[in-house]
Amino acid sequence: ASLRLGRAVAGSTLFTPTAAAVTTRLAVGKVASGFIAGETEDETAQAIREIIDGGMKYTLDLLGEATLSEKEADDYAERYTKLIRHLAENKRPDDPEVNVSIKLSSLTPRFSPSAPEDSASEARRRAEPIFKAAMETGAHVNIDMEQYELRDLTIYTFAQMLKDKEHFGWDGLGIVAQSYLKDAEKSLDSLVEMIRDSGRRVMVRLVKGAYWDHEVVEANQRHWPVPVHTLKAQTDAAYERMTDTLFKNTDILTPAIASHNIRSLAKAIAIARQMDVSKDMYEIQTLRGMGDPIKKALVDMGIPVRVYAPFGAMIPGMAYLVRRMLENSSNESFLRHSFMDEEPIDEMLEDPVFLCGAAGAKSATPQDKKKEEEPENAVRVFVNEPEPAFHLEKTHDAMKMGIEDAEATLDKFYPLLIGGHAVNTSEIITSRDPAEPSRIIGETAKANEALGRAAVESAKRAFGGWAKTKAMKRFEILTRGAAIIRERKYELAALEMFEVGKTRKEALGDINEAIDHIEFYARGAVKIAEGKITESILGETNMALYRPRGAGVVIAPWNFPLAILAGMTCAAIAVGNTVVVKPSSNSPIIAGVFVDILEQAGVPAGVVNFTPGSGEELAPALINNPDTKFVMFTGSFETGSSIIESVTHNADKKYGFTKVLAEMGGKNAIIVDESADLDMAVSGVVASAFGFGGQKCSACSRVIIVKSVYESFVKRLIPAVESLIVGSPFDLETNYGPLIDEVAKRKVESYITIGTEEAEPLLIPQKETGAGHFVRPAVFGNTPPDARIATEEIFGPVLSLVRAKNLNNAIEIANSSVYALTGGIFSRMPSSVKKIKEKMEVGNLYINRGITGAIVRRQPFGGFKRSGLGSAKAGSVELLKELSVPQSVSENIVRHGFSPDLDS
Ligand code: FDA
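The rules behind each value
Residue indices follow the written sequence of each chain, beginning from 1 at its first position. Predicted model: local features are reported for residues with pLDDT of at least 70 only, side-chain atom pairs are reported and counted for 80 or more only, and whole-chain, interface and lining totals are derived from all residues. Note: side-chain values were computed over all heavy atoms of the structure, leaving out hydrogens and water. The secondary structure listing takes helices from DSSP runs of H or I that are at least 4 residues long and strands from runs of E that are at least 2 residues long, numbered from the N terminus. Each radius of gyration is computed over the set of C-alpha atoms, and the globule rule expresses the reference value as 2.2 Å times the number of residues to the power 0.38. Accessibility here uses a 1.4 Å probe with only protein chains present; expressed as a share of the type maximum, an area under 20% marks a residue as buried, one over 50% as exposed, and anything in between as partly exposed. For the area figures, the Shrake-Rupley method with a 1.4 Å probe applies, and any residue is considered shielded solely by the protein chains shown. Only protein atoms enter the 1 Å grid used here. Points where a 1.4 Å probe fits but cannot escape make up a cavity, open sets with protein on both sides within 12 Å along at least five of seven lines make up a pocket, and a residue lines them when an atom lies within 4 Å of a point. Grid points are joined across faces, edges and corners, and a volume is the space filled by probe spheres set on the points. Three categories are distinguished: nonpolar for Ala, Val, Leu, Ile, Met, Phe, Trp, Tyr, Cys and Pro, charged for Asp, Glu, Lys and Arg, and polar for the others, with Gly belonging to the last. We define a nonpolar core as any set of buried Ala, Val, Leu, Ile, Met, Phe, Trp, Tyr and Cys residues linked to one another through side-chain atoms lying within 4.5 Å. The criterion for an aromatic pair is that two Phe, Tyr or Trp rings (for Trp, the six-membered ring) have centres within 6.5 Å, with stacked assigned to planes under 30 degrees apart, edge-to-face to planes over 60 apart and tilted to the rest. Placement of a positive charge over a ring is assigned whenever Lys NZ or Arg CZ falls within 6 Å of the ring centre and within 35 degrees of the normal to the ring plane. When DSSP finds two or more bridges between two strands, those strands count as paired. All axes here are fitted lines through C-alpha atoms, helices being fitted over the stretch that makes contact, and every angle between N-to-C directions spans 0 to 180 degrees. Here a residue-residue contact requires only that any non-hydrogen atoms of the pair lie within 4.5 Å. To estimate how far a helix should extend, the number of its residues minus one is multiplied by 1.5 Å. Polar contacts here mean pairs of N or O atoms no more than 3.5 Å apart (in protein, one a potential hydrogen donor and the other a potential acceptor; neighbouring residues in sequence count only if both atoms are side-chain atoms). For every residue, the pLDDT score states the predictor's confidence, bounded by 0 at the bottom and 100 at the top. Put simply, angles under 35 degrees are roughly parallel, angles over 145 are roughly antiparallel, angles from 65 to 115 are roughly perpendicular, and the rest are oblique. If you view the pair so one helix is near and one far, a crossing is left-handed when the near helix is turned anticlockwise from the far one by less than a right angle, and right-handed when it is turned clockwise. When two cysteine sulfur atoms lie within 2.5 Å, the pair is treated as a disulfide. The salt bridge definition used is simple: a Lys or Arg side-chain nitrogen within 4 Å of an Asp or Glu carboxyl oxygen.

S.K.: Help me get a handle on the overall build of the protein chain, residues and values and all.
M.R.: The helix and strand inventory of the protein chain stands at 33 helices and 30 strands. Rg of the C-alpha trace for the protein chain: 31 Å, near the compact-globule value of 29 Å for 904 residues, within the 12% margin. Counting over 904 residues, the protein chain shows a buried share of 57%. When the accessible area of the protein chain is evaluated, it comes to approximately 37800 Å², of which 53% is carbon and sulfur surface.

So this is what it looks like as structure tokens:
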């Protein structure tokens, strides 16, 4: 069979193997029409007819935009239902059955592994009318497989669909297995078992997988193990073994071998023959526009062939086209080699198992390569914490346990810590759950001015010893602290869910960032301590050294209750300073736990002192104090600027100046130009504006849209925002929880009232009356650039849309802000991207992605204008240098004799 198939296609003319190369010469539309059946119903009907006339069957895939709202999901499901009925009505008696392919992520904007039950039930709810139409007309529906992150969720949903009693007797459901995943065979085995248990017959399409580049890039960016094979031959070999599994189970399933690789296909045909599986018990599937000579050869051999034909508009179909182009231009593509490179038949048919062996020794991913290159030395290697992997059950289990553990710690009391002593006070701070204010999270002692002074005094006393401690020793203590946090990651994340109302994803992100900060600064400090030779000339060595500044004060906010607090504290102490930590009164409990962890890790008494309390009351002791050598502050512009002003009075002849490092607010803008991919722009804006209810200094609060796309952007944005779920952070499907307190809630509500007078109210939430501090999102359209809601920091779920004449005007509006923290653009035009890089005044600029969630080392964070002092950024080595006093040492090394050390 192999040779016959090989010969049949060997002399064929080129189909379109090098699509990427062709695009440079042909109009994109022409290329698209090769892969896409048509844009209109008539074009599609014509394409289907050609497939049928060619002796083949078809499956239709309705191309669409990403589903970002409930409305879009409804529309999508309705289009499929109509499509099935339309095709069935127009079917000729001899035509093959109607067959469609569908992606579950298109049936709900919330198809996410972080909320599996909700995702499955939403997808099933929308699939129901589609299935009904299919059952009534004898049509088939295949569930396509998407990225790895959605694989298990898709199978989980499919399992529930199979169990649905109403569908019994209808064998028109199909599913896909991808062989490029490392755990593909295990997954197929359990899929087969599941189908067997269901008592229903299913078509299983075996593919290699269309998202290879995506999987490798995502895994690297999120610090996950790469889930796909990295050698093409491994994918091919798994494909053959999985083919075998499918053919062994033809009593309960119909194998659909989907490939254009004649070795893969020939092997399947050979297995079928060997197992005596007749041709009507399986089929070969191919994609439209790919491997046409193969299709013809198979039809001539009497083997059933089905063509996967996407249809719909080209722009929404771009993601599909990109996948096809990546595939066809890839060095690993079978079609590219076989046709373009005219590979000999023997090589085309080579056994992949043999090839795996030949090349298997080499690792291929950048991540693996990096690991190989990195020295063993733990001090040198910094790796970011992996993102929470909610597609793995173990993450859900760990989170459940974390919540139980955190709940058991609620109600604890945290004393002050001064010079290693626990100090109780008569006044206390009570921390409450913002979603349920009657729930007390814990209590802390409350420092007054005298205790604040005592804390600075103790930090000052501890400075000498800590400054002299070897950098390596400090590194060991700090990384031990990071290890404890890592060990308790889920419990601490859960504590944040209770104390500040973060969702589990946001809370885990904060804990991860805290670990990253500590690990990163601990390493950076060792490097800095080594000093650096600046320039050496004959007879003279010149070095840059860094000395610690002294005792300092860390004033941290509640919105990243561990990451910012731990980051500032550990950066300061890593380079030998000592500190007094004053947390926000909205998140003193997580701060108390952190200080405990540092003690446990071995931070000596007095190096970190802990004084929760009122900022105003403590300012004279902590800020207006010449013994305070530096202040690290993250919070509002008002407080930050008053600190900057106050410390100037500390300077006197004896003590010198107090250094301030301040990160303050933002009024961050995302620009959407006429070439933006609206799928990306809408989801990027929604995530950036409403993640944690907009309570991030990096949050997007203005979208500046070039007028030609304003209406189409708004049309998609509003339903997407309306679809957000605001509620308890403990509900899996919640997008964001409560605001931090009653004051914040009232402030945000008053801005919503102001907005209704200043701009066009596009989405105005009902006032929430319950005890929790919930505010649903508000969106204002046609906002004048100088309106209060477009210029003042709101720190809540309020978004202003501003219409711009063109890109220059959009940049002008963006830059008119007094803040300069984060900002971004969605654009597919290189000239716009270039302009933005040159002109946009922000500390952190993001292109074609969301504007929040800076990652330590990768995106050092901080702004200028009213957003910050524009110097050292969080998550950078420069911050460590700012926390130190630079010293130049110039040594004359011309021989002048030496005397032995006197004390040796
Ligand atoms: P070929 O033999 O050239 O294999 C190319 C494939 O090898 C790549 O697509 C990738 O999977 C893999 N690969 C490439 N480089 C690699 C490397 N360095 N290491 C390891 N593996 C590497 N896909 C999907 O994910 N979900 C789906 O639902 C469908 N549906 C579908 C329906 C039909 C009818 C067809 C024909 C195909 C699909 N696909 C799919 C696409 C499919 O997964 C695959 O991308 C293409 O069919 C190309 O594979 P071939 O066997 O044809 O070519």
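There is more to say, and it comes next.
S.K.: Any chance you could break down empty space enclosed by the protein for me, citing the residues and the numbers?
M.R.: For the structure shown, the criterion picks out four cavities of 30 Å³ or more. Quantified by volume, the largest cavity comes out at close to 100 Å³. Surrounding the largest cavity, 14 residues form its lining, Gly694, Lys696, Ala699, Ser701 and Phe795 being those nearest its centre. Residues belonging to the lining of the largest cavity are distributed by class as follows: six nonpolar, five polar and three charged. For the second largest cavity, the calculated volume is near 80 Å³. What lines the second largest cavity is a set of 13 residues, and nearest its centre among them are Asn99, Asn142, Gly174, Met203 and Gln285. The element best represented in the lining of the second largest cavity is strand β3 (residues 140–143), accounting for three residues. A per-class count over the lining of the second largest cavity returns three nonpolar, seven polar and three charged.

S.K.: Describe the nonpolar core, listing the residues and the values that go with them.
M.R.: Ranked by internal contacts, the top residues of the largest apolar core, which has 98 residues, are Leu60, Val141, Ile143, Phe158, Leu191 and Val204. No other element matches helix α7 (residues 148–163), which puts eight residues into this core. With 75 residues, the next largest nonpolar core counts Leu478, Ile485, Ala507 and Ala563 among its residues.

S.K.: Go over the packing of aromatic side chains with me, naming the residues and quoting the values.
M.R.: Tallied over the full model, the rule gives eight aromatic pairs. Ring geometry for Phe131 versus Trp170: centroids 5.5 Å apart, planes at 50°, classification tilted. Pair noted here: Phe131 is in helix α6 (residues 116–137) and Trp170 is in the loop between α7 and β4 (173–178), with a separation of 39 residues, a long-range link. Comparing Phe131 with Trp170 shows no difference in burial state: the two are buried. Cluster of aromatic residues (ring-pair linked, three or more members): Phe382, Phe520 and Tyr521. For Lys502, the ring lying beneath its charged end belongs to Phe692, and the centroid distance is 4.2 Å.

S.K.: Outline the sheet that holds strand β5 (residues 202–207), listing residues and values.
M.R.: The strand order around the closed barrel built from eight strands is β1-β2-β3-β4-β5-β6-β7-β8, with neighbouring strands paired in parallel fashion. Strand-to-strand twist of the sheet, defined as the mean angle between neighbouring strand axes without regard to direction, takes the value 30°. For β3 and β4, the ladder comprises two bridges, and the chain directions are parallel. Across the sheet, residue Val141 finds its bridge partner in β4, namely Leu173. In this fold helix α8 (residues 184–198) packs onto β4, β5 and β6 (253–258), with an angle of close to 170° to the strand it touches most, β5.

S.K.: So what's going on with the environment of Gly509? Residues and values would help.
M.R.: Of note, Gly509 is situated in helix α22 (residues 504–529). Separated by 16 residues in sequence, Gly509 and Ala493 have C-alpha atoms that sit 8.4 Å apart.

S.K.: Got a sec to walk through the layout of surface pockets? Specific residues and values, please.
M.R.: There is about 1300 Å³ of room inside the second largest pocket. Residue lining of the second largest pocket: 46 residues in total, with Trp558, Phe633, Gly635, Ser636 and Thr639 positioned closest to the centre. Of all the secondary structure elements, the ones that give two or more residues to the lining of the second largest pocket are α25 (615–622), β19 (630–634), α26 (637–648) and α29 (742–758). Of the residues that constitute the lining of the second largest pocket, the class distribution is 20 nonpolar, 17 polar and nine charged.

S.K.: Lay out unusual backbone geometry in plain terms, naming residues and giving numbers.
M.R.: One non-glycine residue, Phe692, lies in positive phi territory at about 50°. Inspection of the secondary structure puts Phe692 in the loop between α27 (678–690) and β22 (700–706). Accessibility expressed as a relative area gives 3% for Phe692, which makes it buried. Although it is not a glycine, Asn782 adopts a positive phi angle of roughly 45°. Structurally, Asn782 is set in the loop between β24 (778–781) and α30 (788–791). Note on Asn782: relative accessible area 36%, which makes it partly exposed.

S.K.: So what about α27? Which residues, and what values?
M.R.: Taking 1.5 Å per residue, 13 residues should reach 18 Å; α27 reaches 17 Å between its end C-alpha atoms and fits that length. When you tally the buried positions in α27, you get ten out of 13 residues, the bulk of the element. Of the residues making up α27, those classed as buried are Leu678, Asp679, Ala681, Val682, Gly684, Val685, Val686, Ser688, Ala689 and Phe690. Where α27 is buried, its residues contact β21 (668–672), β22, α28 (707–722), β24, β25 (798–804) and β27 (822–826). Regarding α27, its N-cap is Asp677, as a side-chain oxygen of that residue lies 3.0 Å from the backbone nitrogen of Asp679 further along. Phe692 sits one or two residues past α27 and shows a positive phi near 50°.

S.K.: Give me the lowdown on the confidence of the model for the protein chain, citing residues and values where you can.
M.R.: Across the protein chain, pLDDT averages 92, with 91% of residues at or above 70. Every residue in residues 10–22 scores below 50 in pLDDT, and together they form 31 contacts with partners more than four places removed in sequence or on other chains. This model gives residues 359–367 a pLDDT under 50, and the stretch forms 15 contacts once residues within four places in sequence are excluded.

S.K.: Hey, could you go over the sheet that holds strand β13 (residues 436–445) for me, with residue numbers and the actual values?
M.R.: Pairing is mixed in the open sheet, where three strands are placed in the order β9-β13-β12. The open sheet terminates on both sides in strands that have one partner only, identified here as β9 (412–414) and β12 (428–433). The sheet shows a mean angle of 35° between the axes of neighbouring strands, direction not considered. Across the sheet, helix α24 (residues 588–601) lies against β9, β12 and β13, angled at about 40° from β13, the strand it touches most.

S.K.: Describe the packing of helix α21 (residues 489–500) against α22, listing the residues and the values that go with them.
M.R.: It is at 8 Å that the axes of α21 and α22 come closest, and there the two elements cross at 125°. Relative to α22, the element α21 lies oblique. For the crossing formed where α21 meets α22, the hand is right-handed. From α21, Lys489, Tyr490, Leu492, Ala493, Glu496 and Met497 reach across to α22, where they touch Arg504, Ala507, Leu508, Asp510, Ile511, Asn512 and Ile515. Looking at the contact of α21 with α22, its residues break down into eight nonpolar, one polar and four charged.

S.K.: Pulling in residues and values, what's your account of the state of the cysteines?
M.R.: A full pass over the atoms with the stated rule returns zero disulfides. Here Cys570 stays unpaired: no disulfide links it, and the sulfur of Cys697, its closest cysteine neighbor, is 19 Å away. The structure places no disulfide on Cys697, whose sulfur is separated from the nearest cysteine sulfur, that of Cys700, by 14 Å.

S.K.: I'd like to hear about the side chain of Asn384, residue by residue, with values.
M.R.: Relative to the assigned elements, Asn384 resides in the loop between α17 (366–373) and α18 (393–409). On the basis of relative accessibility, which here comes to 6%, the residue Asn384 falls in the buried class. A polar side-chain atom of Asn384 sits 3.0 Å from a polar atom in the side chain of Asp516. Engagement of the side chain of Asn384 in a polar contact is seen with the backbone oxygen of Val856, the distance being 3.1 Å. Setting aside residues up to four positions removed in sequence, Asn384 forms contacts with His223, Asp516, Ile855 and Val856.

S.K.: With reference to specific residues and values, describe the pattern of salt bridges.
M.R.: One pass over the structure, following the stated rule, counts 54 salt bridges. With its nearest N and O atoms 2.7 Å apart, the salt bridge here joins Asp183 to Arg151. Here Arg151 lies in helix α7 and Asp183 lies in the loop between β4 and α8, a separation of 32 residues in the sequence. The buried category is assigned to Arg151, whose relative accessible area is 4%. For the salt bridge of Arg241 with Glu185, the shortest nitrogen-to-oxygen distance reads 2.9 Å. On the criterion of sequence distance, the pair formed by Arg241 in helix α10 (residues 232–248) and Glu185 in helix α8 is long-range, its members being 56 residues apart. On the basis of relative accessible area, Arg241 is assigned to the partly exposed category, the value being 42%. In this structure Glu185 comes out as partly exposed when scored by relative accessible area, which is 27%. Look at the salt bridges and you will find they share partners, linking Glu70, Asp74, Arg110, Asp118 and Arg126 into a network.

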